[in-house]
Amino acid sequence: MPPRIKIVSVLLIGTSLCVFALAAGLLWYANSGHARAKLLREVNARISGRLAVGHHHISLFEGRLLIRKLRLSGPGGKDLAGLEELSIDLSMAAIFRKSLVVEALECVQPWVRLSVDSGGRLNIAKALASGDSKAPEAPSSSGGLPFNVIVNRFRLSDGYVEYAHAAGRQYLTLKGIEAGASLNLQDKSGVFQVSAEKSRAGYDDYLSDFKHLNLALALNNGHIEPLVLKAESQFASLLLYGDVHQAFSDPKLDLTLDMDVVLSEAEAVFDIDRGDTGRVKASMNVKGNPENPLVNLRADYGG
C-alpha cells in the first residue's frame, strides 16, 4: 500500500474513532444526573412553578426516550400534574423519508389536578407562565408541518384527572383512565379509544357517580366515522353515536343522543321531593351544519 494511502487511511480511521468517542461521550453526559439537573434548573428559572424528573434515559441507537417520576408543582408548591413513566420509541430510518414515526408511545399513571380560580385562570397555566414580566411572544404561523407524523401505537394506563371551578362550583374526577390510539397526520386517519373506571361530576351541592364511561372514534380521511360515547350514572344512561364528515374543514353532523332517566334516582341526586316514578326515554338526532343544525327530538314517559 502506498505511503499516502496509508496516511489517509489512518487519518480517516482516527477521525471516525474520535467522532464516535465524542458522540458516545455526549450521549453518556446527556444520560447523567448532572445534565438532567442542569436542564431542570434552566427550565425552572423560566417558569413560575417547578418541574422535577426522577430519572431519564436516551438511546440514539434504539431511538428511545424514557422519563420516570415527572412532577409539576405550582408557585405555592402544590403538586399539579405528573406521571410515573413515559416511554417513546421512534423509527430513526423514517426521518430520512421526512416522516416522524412513533412506533410506541406509552404513558403510565399520568395524573393532573386542574382548577380554575375566581378570575378564570387555570392553575397549570399559572405554573408554566414565565417568571418575568415580559409578555409572551406570539407564535409564528409556519403553514403546517414539513413532515408527516405517524403514531403506530399509543397507550395510556391508570390515569387520573381532577377538575374544579371555583366560581361555578363545578367538579369532575376521572379515575382508572385507559386509552389507546394510532394516528397518521398526513392521511388524517386513525383510531382512538378511552375509558374511565370510575368518575364523578358535580355542580354546586349535586354529585353524580358514573359507573362506566367509554369513548371510541375512527378517523378516516378527515371524517369521524363512527363516534360512540357511552356513559352510565346512578340515575341515567347516555349513548351518543354517529358520524362527523369533514371534521377539520366544513363539519357536517349526523349524531344521535339516546337517554334513559330513572326519575326516582334523579330526584335523590338533585334533592327533589316530588314523588315521580318511572322512566323518561329520549332520543335526539342532530344533522347538518353545527351552527344551524336540523334537530329531531322524541321523548317517551312511562310512570
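Structure shown above.
From a predicted model like this one, the values you see are computed outputs, not experimental measurements.

### Remarks on the overall build of the protein chain
Phase 1 of the analysis: On a plain count of helices and strands, the protein chain comes out with 4 helices and 14 strands.
Phase 2 of the analysis: Across the 303 residues in the protein chain, those meeting the buried criterion constitute 26%.
Phase 3 of the analysis: Within the protein chain, contacts between residues separated by at least 24 positions form 43% of all contacts whose residues are at least 6 apart in sequence.
Phase 4 of the analysis: As displayed, the protein chain has an accessible area near 19,800 Å², and 60% of this comes from carbon and sulfur atoms.

### Overview of the layout of surface pockets
Phase 1 of the analysis: Reported here for the largest pocket is a volume of approximately 240 Å³.
Phase 2 of the analysis: Lining the largest pocket we find 13 residues, and of these Arg36, Leu39, Val53, His56 and Ile67 sit closest to its centre.
Phase 3 of the analysis: Breaking the lining of the largest pocket down by element, the ones donating at least two residues are helix H2 (33-44), strand S1 (50-59) and strand S2 (64-73).
Phase 4 of the analysis: Ranked by the residues each element gives to the lining of the largest pocket, the list is headed by H2, at 5 residues.
Phase 5 of the analysis: For the lining of the largest pocket, a count of residues per class yields 11 nonpolar, 1 polar and 1 charged.
Phase 6 of the analysis: For the second largest pocket, the calculated volume is near 160 Å³.
Phase 7 of the analysis: Lining the second largest pocket are Gly74, Pro75, Lys78, Asp79, Leu80, Arg113, Leu114, Ser115, Asn123, Lys126, Glu162 and Ala164.
Phase 8 of the analysis: Looking at the lining of the second largest pocket, the elements with two or more residues in it are strand S3 (79-90), strand S5 (111-116), helix H3 (123-128) and strand S6 (148-165).
Phase 9 of the analysis: If you tally residues by element for the lining of the second largest pocket, the top one is S5, at 3 residues.
Phase 10 of the analysis: Among the residues forming the lining of the second largest pocket, the class breakdown is 4 nonpolar, 3 polar and 5 charged.

### Looking at the nonpolar core
Phase 1 of the analysis: Among the nonpolar cores identified, the biggest contains 7 residues, and these are Leu219, Ile224, Leu227, Val244, Leu253, Leu255 and Val286.
Phase 2 of the analysis: Within the residue set of this core, elements represented by two or more residues are strand S10 (223-233) and strand S12 (252-262).
Phase 3 of the analysis: Aside from chain neighbours lying at most four places away, what touches valine 244 is Gly222, His223, Ile224, Pro251, Lys252, Leu253 and Leu255.
Phase 4 of the analysis: Judged by nonpolar contacts, the second largest core, of 6 residues, contains Leu72, Leu80, Val112 and Ala127.

### Examining the environment of leucine 207
Phase 1 of the analysis: Tracing the backbone shows leucine 207 in strand S9 (residues 206-220).
Phase 2 of the analysis: Between the C-alpha atoms of leucine 207 and leucine 172, which are 35 residues apart in sequence, the distance is 9.3 Å.

### Regarding the pairing of S5
Phase 1 of the analysis: Here S3 runs beside S5; their pairing, made up of 2 bridges, is antiparallel. Along S5, the bridge assignment pairs alanine 81 with valine 112.
Phase 2 of the analysis: Alignment of S5 against S6, held across 6 bridges, turns out to be parallel. Bridging across to S6, leucine 114 finds its partner in tyrosine 163.

### Some details on the pattern of salt bridges
Phase 1 of the analysis: Scanning the model with the defined rule gives 10 salt bridges in all.
Phase 2 of the analysis: Glutamate 42 is paired through a salt bridge with arginine 46; the nearest N and O atoms lie 3.0 Å apart.
Phase 3 of the analysis: Bridged by salt links that share partners, the residues Lys69, Arg71 and Glu84 form one connected network.

Calculation criteria
Residues numbered from 1 in each chain as written. Predicted model: local features only at pLDDT ≥ 70, side-chain atom pairs only at ≥ 80, totals over all residues. Heavy atoms only, no water. Helix = DSSP H or I, 4+ residues; strand = E, 2+ residues; numbered from the N terminus. Buried < 20%, exposed > 50% of the residue type's maximum accessible area, 1.4 Å probe, protein only. Contact = heavy atoms within 4.5 Å. Areas by Shrake-Rupley, 256 points an atom, 1.4 Å probe, with all protein chains shown as cover. 1 Å grid on protein atoms, 1.4 Å probe; cavity = no way out; pocket = protein on both sides within 12 Å on 5 of 7 lines; lining within 4 Å. Points joined across faces, edges and corners; volume = space filled by probe spheres on them. Nonpolar A, V, L, I, M, F, W, Y, C, P; charged D, E, K, R; others polar. Core = buried A, V, L, I, M, F, W, Y, C linked by side-chain atoms within 4.5 Å. Pairing = 2+ DSSP bridges. Salt bridge = Lys/Arg side-chain N within 4 Å of Asp/Glu carboxyl O.

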